[in-house]
Amino acid sequence: MQIRVVDAAANAGPQVPAHLQRIFIPQLTLSSICTHKFVKGKVIQKCPLVDLDKDNYILKTVIQEHKPQHDVPPGLTDINVIFFGKLAKEFLETVQQEDVVVLTGFTIGRSPTAIKDGLHSCYLQLAGGEAHVYVFPGSTPTPGLTTSTSTNSTGTTVSTSENPKPKYTYTPLKDLKPGMIVNIYGVVTFFKQPFRTKGTDYCSTLKITDESSVKIGCSVFSEKVEEHPKVFKNGDIIRLHRVKVQFFNGSVNVVTSLGFSVLTFDGSVGTPIVPCTSSRNFHFSEQDKQTVERLRQWATNQALLAAPSTVQLAHVQPSMYFDLTCQLLAKAKMDGSCTLLKVWDGTRCAHPLLNVFVKPEALEGSVNVASGTDLVANVLVYDNHVEVAQELKPGTFLRIYNLHAILQTTSTTPSHLCFHLHGGTSYGRGLRVLPKDSLDLQQLHRTLELVTTSCEEALDDPVDIWSTPPESLNALLDEKETAAVRTCDHTLEQVPLSNVKSCTPPRLFHVRAQVRSFQPRRLYQALKLRCPHCRALFDIPDDEALASVFQKAIRGVRFGSLSWAATGFLDSSETGRKIAIHLPNWDKEELIFLEGATLEEVCCISKNLSNIVPVRSCGESMVPMDLSVPFLFQGKKRHYGCRDCSSVRHLEDFTCEEDEWNAKPISEVLGIQPLQYALLMKMELEDESGSLETLLWDDAEKFFQVTAADVAVSQELQNKIQWTMNRLCPPGSTIAERPWLELCIAVYTVEEGGRSTVCYQVLNTESTGPHVTPAQE
DNA sequence: GCTTAGGATTGG
């Protein structure tokens, strides 16, 4: 049985295994480690059982954190739990609403309904043999789970003293007298992370207070950084054993003495009281718990924590000093006294952020997870902090204390925010790694989860059984400002551009990058003519060149007489010059051969007639005029032929078998290999790992969602391409301001003249944005 | 061997 009912009154019967550690629902994040963990909560909702087929059931329930603290919103305490298989049915039959349950062997997923139902951003999934449920019927008290053991952050299980007689006595801070060696408790009001002294040790400087409001300075000395108090923020509670009281500069302070020990606790009322230490052996009693509770409550009432020093990137202002809670994405050593940290907290700064560019090979880690460099803060860490910074691994969660936001303005670039952690320890300057499960990281985890939500992940969620479409996810995706998305269904992992560059072709990759530059800048030059037969590529002749060819042809015109066509003459705009119109069909004007007209005249006539073929006569026969000009005009459309692949025929006869003329039969009759319109652009892409020259060619039409042939005749579509490129690479913008593109890239080789070149092409990708054509610019 | 620091910014 995977479900066991625990009889709380009896000491026999099933028990929750002692090796399991409780994880509190408010602390759960997508990245929480669930092995050997349990969640305890009250069943507050049971949905109807979904019966898929034999022994295959799904049951959705909502569990509320057991004995939640006040003021914790349901978004933290109430979590969706989905049971699968037999367990679902068993749970339905065994567990009643209001029962308290302990769940183990679960996995965590992102709740697709979090925004809609306002519950926890994660959900728990219980499936398979690993999953177990312990039920405490009704809301009976459940001894054996909450008080007999507690665990610290290092996983050490600590026995709780049942003996009420206190082993240690703690001296109130007001009673400290120089010369005493005492144990003390206090609330931290100022702290510095451990720093190297001129002596042999590291020193932590703190100021603490207690109910007497006396403020006492503390100096903790130890050669080992890990033996120093782990203080994360003002308001944290500290317990010091064996400190020596001194008198200095008119006030009392304490210094650690031989055999000292230190514990710290989160100072927030209502959070679990978990002693924080690297020590494997320490004493911790119910009395300690009460002291921490008391000090927490007192500090809260004193409003000691009134002004939180941590500021999100979104609220950072130039020149500000602040504490930043963030995740390290990448780092690079700049020089001996400076290390660059690229960090993010998932929020977007209101000011443009400086991107300190470093060579990809010098960068450890990647900023590719961040959906836009405008989410990535570049932090320059100086002098004494370099030692700590160098030890950091990308992915680590950090708090940076007394970070300085500096507006960098040069004459050429607009101002950008850069962040400096200056040398020294003034104002508590420093860095500290935050444990992954730190309560201080809840907000950050949530923000990062929202920012990194991708379409594919959304599909992985068990949306079907939730009966709620993940609208919220779509909404989030809209906000991501991805200016191009892949349309392929390859499940390739996204890689840095440097990987693409270093691979052996042929390969296919998914990348996320920005457009550094593109060519041609004059977008009409992106429109090309391509021969599907010989693959030759031609520029589209401009009207001036075309006009000159027509002009030349007029000069040598000698109208012939054709037995197979009716020939008429029009007066041209010039005195005496005639234009010949040959109609192969008496009664149809769908196809006419035109001779002796200027380009302007051809265009004018083609406005009203469907198919115009410019020709020149050779006695009784007729040939297309010249392959450097269109062989066919259809209204605004111009059709060109390939100079190399066409074998132009002299028309000596013309029988009309076609009911309707269009370019294909006309080109066949004339012996012309028609050219196709195509779009060709070069885009230089860039990400943190470097840059890459790519072509937009085979799938260029897909990218812009146009056909090249339509672009050739539509000012509106030309504007659309212009608009798209302006969006990808706004004129005058810095790279940080440009949107990100999610691209599918093919790497291949092209053999030319005995040499092979590696090429990169963007495939299967569409630019995003309004699909209606924007107003003409 | 028994000190070190003893809060307090403008700077790459």
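As the structure is a prediction and not an experimental result, all values here were calculated from the model. (Residues numbered from 1 in each chain as written. Chains lettered and ligands numbered in written order. Predicted model: local features only at pLDDT ≥ 70, side-chain atom pairs only at ≥ 80, totals over all residues. Heavy atoms only, no water.)

Turning next to the protein's contact with DNA strand B. DNA strand B sits among 28 residues. The nearest are Tyr321, Asp383, Gly423, Tyr427 and Arg429. Expressed as a percentage, the sugar and phosphate content of the atoms of DNA strand B within 4 Å of the protein is 29%. In the environment of DNA strand B, a base nitrogen lies 3.1 Å from a nitrogen or oxygen atom belonging to the side chain of Ser219. Taken together, the elements giving at least two residues each to the surface near DNA strand B come down to strand 15 (202-209), strand 16 (215-222), strand 17 (237-248), strand 18 (251-265) and strand 23 (397-408). Per-element accounting of the surface near DNA strand B gives the leading share, 3 residues, to strand 15. Looking at the surface near DNA strand B residue by residue, the class counts come to 9 nonpolar, 13 polar and 6 charged. (Near = heavy atom within 4 Å. Polar contact = N/O pair within 3.5 Å; in protein donor to acceptor, adjacent residues only side chain to side chain. Helix = DSSP H or I, 4+ residues; strand = E, 2+ residues; numbered from the N terminus. Nonpolar A, V, L, I, M, F, W, Y, C, P; charged D, E, K, R; others polar.)

To continue, consider the pattern of salt bridges. Counted according to the given criterion, the structure contains 24 salt bridges. In this structure, Lys331 engages Glu364 in a salt bridge whose closest nitrogen and oxygen atoms are separated by 3.8 Å. Taken together, the positions of Lys331 in strand 19 (residues 321-335) and Glu364 in strand 21 (residues 364-365) put the pair 33 residues apart, joining distant regions of the chain. On the basis of relative accessible area, Glu364 is assigned to the partly exposed category, the value being 34%. The closest approach of N and O atoms between Glu693 and Lys682, which form a salt bridge, is 4.0 Å. With a gap of 11 residues between them, Glu693 in strand 39 (residues 690-696) and Lys682 in strand 38 (residues 681-687) connect regions that are remote in the sequence. (Salt bridge = Lys/Arg side-chain N within 4 Å of Asp/Glu carboxyl O. Buried < 20%, exposed > 50% of the residue type's maximum accessible area, 1.4 Å probe, protein only.)

As for its placement among the helices and strands, Leu627 is situated in the loop between strand 34 (621-624) and strand 35 (632-634). Using a relative accessible area of 15% as the deciding quantity, one classes Leu627 as buried. Residues Leu627 and Val648, 21 residues apart in the sequence, show an inter-C-alpha distance of 9.1 Å. With sequence-adjacent residues up to four places away left out, Leu627 is seen in contact with Gly641, Cys642, Arg643, Ser646, Val648 and Ile672. (Contact = heavy atoms within 4.5 Å.)

To continue, consider the sheet that holds strand 37 (residues 676-679). Note on sheets: strands pair through backbone hydrogen bonds, and any given pair is parallel or antiparallel. Spatially, 29-28-37 is the arrangement adopted by the 3 strands of the open sheet, whose pairing is antiparallel. Each edge of the sheet is formed by a strand with only one pairing partner; in this case those strands are strand 29 (537-539) and strand 37. Taking the axes of each pair of neighbouring strands and ignoring which way they run, one obtains an average angle of 45° across the sheet. (Pairing = 2+ DSSP bridges. Axes fitted to C-alpha atoms, helices over the stretch in contact; angles between N-to-C directions.)

The final tally for this structure, using the stated rule, is 8 aromatic pairs. Just above the ring of Phe136 sits the side chain of Lys40; from NZ or CZ to the centre is 5.3 Å. Of note, Arg530 hangs over the ring of Trp697, and the distance from its end group to the ring centre comes to 4.5 Å. (Phe/Tyr/Trp six-rings, centres within 6.5 Å; stacked < 30°, edge-to-face > 60°. Lys NZ or Arg CZ within 6 Å of the ring centre and 35° of its normal.)

As a further point, take unusual backbone geometry. Residues Pro505 and Pro506 are joined by a peptide bond in cis, for which omega reads -5°. With respect to the helices and strands, Pro506 occurs in the loop between helix 9 (497-502) and strand 27 (507-519). At His36, a residue that is not glycine, the phi angle is positive and equals roughly 60°. Looking at the element boundaries, His36 is found in the loop between strand 2 (21-22) and strand 3 (37-46). On the basis of relative accessibility, which here comes to 52%, the residue His36 falls in the exposed class. With phi around 60°, Tyr427 is a residue other than glycine that occupies positive phi space. With respect to the helices and strands, Tyr427 occurs in the loop between strand 24 (416-421) and strand 25 (430-433).

So, on to the state of the cysteines. Evaluated as defined, the whole model comprises 0 disulfides. Cys744 supplies the cysteine sulfur nearest to Cys488, a cysteine that is in no disulfide, at a spacing of 3.9 Å. For Cys488, a relative accessible area of 18% gives the class buried. Free of any disulfide, Cys531 has its nearest cysteine sulfur in Cys642, 3.7 Å distant. For Cys531, a relative accessible area of 1% puts it in the buried group. (Disulfide = S-S within 2.5 Å.)

Counting residues in hydrophobic clusters, the biggest one holds 62 residues, and the most contacted among them are Val500, Leu594, Met683, Phe703, Phe704 and Ile745. A total of 5 residues in this core trace back to one element, the largest contributor, which is strand 27. For this core, the domains that each give at least three residues are domain 4 (477-524 + 678-767) and domain 5 (541-673). (Core = buried A, V, L, I, M, F, W, Y, C linked by side-chain atoms within 4.5 Å. Domains from an automatic or database assignment.)

Its 14 residues give helix 15 (residues 715-728) an end-to-end C-alpha distance of 20 Å, which sits within 8% of 20 Å, the value for a rise of 1.5 Å per residue. Taken as a whole, helix 15 has its buried residues at Leu717, Asn719, Lys720, Ile721, Trp723, Thr724, Met725 and Leu728. By the N-cap criterion, in which a side-chain oxygen at the helix start approaches the backbone nitrogen of a residue two or three places on, helix 15 is capped by Ser714, the distance to Leu717 being 2.9 Å. (Expected span 1.5 Å × (residues − 1).)

A few words on the confidence of the model for chain A. Should the pLDDT be low somewhere, the predicted coordinates at that spot are not to be read in detail. Here chain A averages 83 in pLDDT, and 86% of its residues register 70 or above. Confidence drops under a pLDDT of 50 for residues 454-480, and excluding neighbours within four residues, the segment shows 38 contacts in the predicted structure. Residue range residues 771-777 is modelled with pLDDT below 50. Its contacts to residues more than four positions away, or to other chains, number 9 contacts. (pLDDT = per-residue confidence, 0-100.)

Looking at where Asn378 falls in the secondary structure, it is placed in strand 22 (residues 377-382). In this structure the side chain of Asn378 is engaged in a polar contact, spanning 3.1 Å, whose partner is the backbone nitrogen of Val356. Residues in contact with Asn378, not counting those within four places in the same chain, are Leu340, Leu341, Lys342, Leu354, Asn355, Val356, Cys418 and Phe419.

Along the chain, the position of Pro541 falls in the loop between strand 29 and helix 10 (543-555). In sequence terms Pro541 and Lys528 are 13 residues apart; their C-alpha atoms lie 9.7 Å from each other. Other than its neighbours up to four places away in sequence, Pro541 contacts Leu529, Leu546, Ser628 and Tyr640.

This paragraph deals with the pairing of strand 30 (residues 566-571). Both strand 30 and strand 31 (residues 578-583) contribute to a ladder of 6 bridges, which runs antiparallel. Bridged to Ala566 within strand 31 is Leu583. The loop that links strand 30 with its antiparallel partner strand 31 comprises 6 residues; one of these, Gly576, has a positive phi angle of about 85°.

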